[in-house]
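Chain residues, written in single-letter form:
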Amino acid sequence: HRFYTNYRNAVASGFPVVLCPVNTQNPVYMVLNAPLRPILKKILPTAIYDAWQPATYGWEFRDHHGFHDRIGPVFILVTTGVNEIWCADPALAQILLARRKDFVMLPEAKIIMSLLGNNIIASDGETWARQRRLIAPNLNERISAIVWKESMLQADQMADFMLTKEPEGISTQTVASLRAIAINVLGQVGYGQPKPFQPMELPRDPKAPMAYIDAIGLVAELLAAAAIVPNFILSLPFMPLVVQTLAAAMRKLPALTADMLDQERQRQKTRSVEDSESRENIMSLLVRLADQSKNKEAGQARAADPHASTLSLTEDEIAGNLFLVTGAGFDTTANTMSYAAVLMAAYPDKQAWMQDELDRVFGGSSTGLTEKQRADRLASLDYTTVYPQLVRCLAFMFETLRLFPAVLHLSRGVKVNPTNAPPQTVTVRSTTHHLAGAYNVFVNNMGLHTAPATWGADSDEFRPERWIEVDEKTGQESVMTPPRGTFSPWSGGPRVCPGQKMSQVEFVVVMATLLWRCSVKPVTHSERGETDADARHRLLELTEDSQPRLTLQMNRPDEAELQWVAR
Ligand code: HEM
């Protein structure tokens, strides 16, 4: 009966309809559809298997634009649970993302993200707006300058590690190293807890003392398990040590957060303004602003009404949002940098193209410089003047996120109107669609990012040059702005990612520092009869063998064996 009602609602919407008589939100189906897929591919007739694809996990990454080419840029997947709208139409995508009150966050995202307290990503309506007003402006240019410095330092140390610690610079630790950089930058920029570079290793001792950043890093690394599996199960003695350590981290985090905030408040009381500014980080800004507005509003509210509640961040929200900086910023940035490193090795010509820019902007190549000269040169590179010139590095990031978007689709739910009210509607290109009943809405980033109508016949090819515009008069290069709604790795509309600039600065300076000092190559196993072209191809296959976990990531990151060579 549900399927029939869903079908009727879908047909009435006027969008193309795809029938899929399964409940895509059923937990058993959610767990089993990925492992069952290869088996069903063998036994099901091709037409049925193909039609089932949009109901399988991560289908849009595998499919690019194929399904949309056949059915249309928007279609409704009719299921026995809740209907799903899949949208790869730039005009509709913009509307869906702009109308935050009608297309709201899904409960699943809220459960995972509010693990350590309520926060901006897990909220809607006024609770969201209040937090957004306090948080988004904090991730500003001042923070970008700190990101620039810390990321450069970390990448320089990573280059040292690759060139001096790994035999002949051959390493399977590139992904682990970039993950370490991402977490260390967050440690410094988010919470003022600096850490020297070392390839990421998860802690495996539940009894050992833990700093906030280590605990939060572990929770971010194993976020789904932390959110879904009860703590007492994670703690069972037969669980792997890393899982038991995760349970310990979850237990310790409320106290670690409270301690860290206490210390920050003490520091803010006793330090001078200049001193506080010199050790600015997201936590210190957040605490200061939250406390300031709390005091101000409390004063005003008390004056007007002695019983009024204040409009500010609660302690729970400060803790939740502090966690979110890592929860939202770590995996996304780390995975984007990881794909980029593998792609740079697979495409030596595009790497050389970036190195040309670096040698120009950094005032010459690093070849022949002494250690001190090299360090001085890097230290002289100022964020405000140098960052805007690294357009090829930014183009490389955009192209990486176009084909490997960390967030494959943006999820929303149609806010169901009360029974007697008319259903939600959306009007695209003068056609109005009625959305009766419940719908999950997925803005398909992968479909949008590979649509031939936007990106041309070579939309599936990795070509960072496509982003570059050249000023005819000056010859100056800049990064083009794609048509609205066609490129949304950081989402769009009022809920656009507030960490967008921060992640761009980090990516650009990490890749720039590494490539200025080193070239990165695939390792050709000629003993197995492999040619250089085979080795490059093997790396590309590694990037294609990916799956969304929390964000899109390679299934076999440890097989990314790369050689780092000093230039
Ligand atoms: C390459 C890196 C990144 C990517 C691809 C990315 C992507 C996204 C996307 C797609 C969303 C919106 C989800 C939606 O609309 O449903 C989002 C939201 C968010 N991101 Fe990022 N992000 C990145 C880095 C960061 C960083 C470094 C931070 C923080 C320091 C951050 C903090 C946030 C926050 C707080 C939100 C919630 C905004 C809101 O709900 O109003 N992100 N991000």
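Quick caveat, the model's predicted, so the values are computed rather than measured. (Residues numbered from 1 in each chain as written. Predicted model: local features only at pLDDT ≥ 70, side-chain atom pairs only at ≥ 80, totals over all residues. Heavy atoms only, no water.)

Asker: What am I meant to see in the overall build of the protein here?
Answerer: Helix and strand content of the protein: 25 helices and 15 strands. Radius of gyration (C-alpha) of the protein: 25 Å, near the 24 Å computed for a compact globule of 567 residues. With the C-alpha coordinates aligned to their principal axes, the bounding extent of the protein is approximately 75 × 75 × 65 Å. Expressed as a percentage of its 567 residues, the buried residues of the protein come to 52%. Residue pairs in contact within the protein that sit at least 24 positions apart in sequence constitute 74% of those at least 6 positions apart. When the accessible surface of the protein is totalled, it reaches about 25400 Å², and 57% of it is carbon and sulfur. Between the averaged position of the 56 positive side-chain charges in the protein and that of its 61 negative side-chain charges there is a distance of 5 Å. (Helix = DSSP H or I, 4+ residues; strand = E, 2+ residues; numbered from the N terminus. Rg over C-alpha atoms; globule rule 2.2 N^0.38 Å. Buried < 20%, exposed > 50% of the residue type's maximum accessible area, 1.4 Å probe, protein only. Contact = heavy atoms within 4.5 Å. Areas by Shrake-Rupley, 256 points an atom, 1.4 Å probe, with all protein chains shown as cover. Lys, Arg positive; Asp, Glu negative; His and termini not counted. Charge placed at Lys NZ, Arg CZ, Asp CG, Glu CD.)

Asker: I keep staring at the sheet that holds strand β6 (residues 409-414) and nothing clicks. Help me out?
Answerer: Each strand in a sheet pairs with its neighbour through backbone hydrogen bonds, running either in the same direction (parallel) or in the opposite one (antiparallel). The six strands are arranged β1-β2-β3-β9-β6-β4 in an open sheet whose pairing can be described as mixed. The open sheet has two edge strands, β1 (17-19) and β4 (103-104), and neither has a second partner. Examined bridge by bridge, β6 and strand β9 (residues 439-444) share five bridges and lie antiparallel to one another. Counted as the bridge partner of S411 is F442 from β9. Sheet strands in contact with helix α6 (residues 90-98) are β2 (74-78), β3 (83-87), β4, β6 and β9, and its direction is about 125° off that of β9. (Pairing = 2+ DSSP bridges. Axes fitted to C-alpha atoms, helices over the stretch in contact; angles between N-to-C directions.)

Asker: Before we go on, may I ask you to explain the packing of helix α10 (residues 174-191) against helix α17 (residues 315-346) in this structure?
Answerer: Axes are the key here: two packed helices are described by the angle between their axes and the distance separating the axes. The contact between α10 and α17 brings their axes to 9 Å, and the two run at 145°. For the crossing formed where α10 meets α17, the hand is right-handed. On the side of α10, the interface is formed by T174, V175, L178, R179, I181, A182, I183, L186 and Y191, while α17 contributes L322, F323, V325, T326, G329, F330, D331, A334, N335, M337, S338 and A341. Residues that form the contact of α10 with α17 fall into these classes: 14 nonpolar, five polar and two charged. (Left-handed = near helix turned anticlockwise from the far one by under 90°. Nonpolar A, V, L, I, M, F, W, Y, C, P; charged D, E, K, R; others polar.)

Asker: When you look at the coordination of the iron atom of the ligand in this model, what are you seeing that I'm missing?
Answerer: Four donors placed tetrahedrally around a metal ideally meet at 109.5 degrees, and six donors placed octahedrally ideally meet at 90 or 180 degrees. Within the protein, just one atom coordinates the iron atom of the ligand: C497 (SG), at a distance of 2.3 Å. Structurally, C497 can be placed in the loop between β11 (477-479) and α24 (500-517). (Donors = N, O, S within 2.8 Å, 3.2 Å for Na, K, Ca; no water.)

Asker: Would you explain the domain arrangement of the protein in this entry?
Answerer: A common measure of how large an interface is: the accessible area buried when the components associate. Annotation of the protein at the domain level lists domain 1 (2-117 + 408-470) and domain 2 (137-301 + 314-403 + 489-566). Centre-to-centre, using C-alpha coordinates, domain 1 lies 30 Å away from domain 2. Buried area between domain 1 and domain 2, both sides added, is near 3200 Å², and the carbon and sulfur share of it is 72%. Here domain 1 is connected to domain 2 by two salt bridges. As a salt-bridge pair, E399 and R466 come within 3.0 Å of each other at their nearest N and O atoms. (Domains from an automatic or database assignment. Buried area = accessible area lost by both parts, 1.4 Å probe. Salt bridge = Lys/Arg side-chain N within 4 Å of Asp/Glu carboxyl O.)

Asker: Whenever I open this one, the site of the ligand confuses me. Can you help?
Answerer: Contacts to the ligand come from 24 residues, most closely from W128, R132, R412, S491 and C497. Take R412: an N or O atom from its side chain is 2.7 Å from an oxygen atom of the ligand. At 2.8 Å, a side-chain N or O of S491 approaches an oxygen atom of the ligand. Within the residue set of the shell around the ligand, elements represented by two or more residues are α8 (125-135), α17, β6 and α24. With seven residues, α17 is the largest single contributor of residues to the shell around the ligand. When grouped by side-chain class, the residues that make up the shell around the ligand number 14 nonpolar, seven polar and three charged. For the shell around the ligand, the two domains that each supply at least three residues are domain 1 (2-117 + 408-470) and domain 2 (137-301 + 314-403 + 489-566). (Near = heavy atom within 4 Å. Polar contact = N/O pair within 3.5 Å; in protein donor to acceptor, adjacent residues only side chain to side chain.)

Asker: Looking at this structure, how should I read the side chain of E530?
Answerer: If you trace the backbone, E530 turns up in the loop between β12 (518-522) and α25 (532-544). Its relative accessible area of 12% is what places E530 among the buried residues. Within the structure, E530 has its side chain in polar contact with the backbone nitrogen of H525 (distance 2.8 Å). Sequence-distant contacts of E530, defined by excluding residues within four places in its chain, comprise V523, T524, H525, A535 and R538.

Asker: Which parts of the structure should I look at to understand the packing of helix α18 (residues 348-361) against α24?
Answerer: At a minimum axis distance of 9 Å, the contact between α18 and α24 shows a crossing angle of 95°. With respect to their mutual orientation, α18 and α24 come out roughly perpendicular. On α24, the residues touching Q351, M354, Q355, L358 and D359 of α18 are A512, L515 and W516. Within the contact of α18 with α24, the residues separate by chemical class into five nonpolar, two polar and one charged. (Parallel < 35°, antiparallel > 145°, perpendicular 65-115°, else oblique.)

Asker: Is there a simple way to explain unusual backbone geometry in this structure?
Answerer: With glycine set apart, most residues show a phi of negative sign, and most peptide bonds adopt trans. Of note in this structure, H64 is not a glycine but carries a positive phi near 55°. Summarising the element assignment, H64 is placed in the loop between α4 (59-63) and α5 (66-71). Positive phi, normally seen in glycine, also occurs at S430, with a value near 65°. Relative to the helices and strands, S430 resides in the loop between β7 (424-428) and β8 (431-435).

Asker: Would you mind going over the packing of aromatic side chains with me for this structure?
Answerer: For any pair of aromatic rings, geometry is given as the distance between the ring centres together with the angle between the planes. This structure, assessed with the given rule, holds 22 aromatic pairs. Considering the side-chain rings of F61 and F404, the 5.9 Å spacing of their centres and the 45° angle between planes classify their relative orientation as tilted. Residue F61 is located in helix α4, and its partner F404 is located in the loop between α21 (391-403) and β6; the two are separated by 343 residues in the primary sequence. Each member of the aromatic cluster is reached from another via a ring pair, and the members are W59, F67, F75, W86 and F442. R402 extends its terminal NZ or CZ atom over the ring of W455, reaching a point 5.2 Å from the ring centre. (Phe/Tyr/Trp six-rings, centres within 6.5 Å; stacked < 30°, edge-to-face > 60°. Lys NZ or Arg CZ within 6 Å of the ring centre and 35° of its normal.)

Asker: What am I meant to see in the side chain of T486 here?
Answerer: Mapping T486 onto the fold places it in the loop between β11 and α24. Judged by relative accessible area, which is 3%, T486 ranks as buried. Reaching out from T486, the side chain makes a polar contact with the backbone oxygen of P483 at a distance of 2.6 Å. Residues contacting T486, with those up to four places away along its chain left out, are P90, L448, H449, T454 and W455.

Asker: Any chance you could explain the environment of V22 here in plain terms?
Answerer: Looking at the element boundaries, V22 is found in the loop between β1 and α2 (27-43). Expressed as a C-alpha distance, the spacing of V22 and T79, which sit 57 residues apart in the sequence, is 5.5 Å. Sequence-distant contacts of V22, that is, excluding residues within four places in its chain, are made with Y29, A55, T79, T80 and G81.

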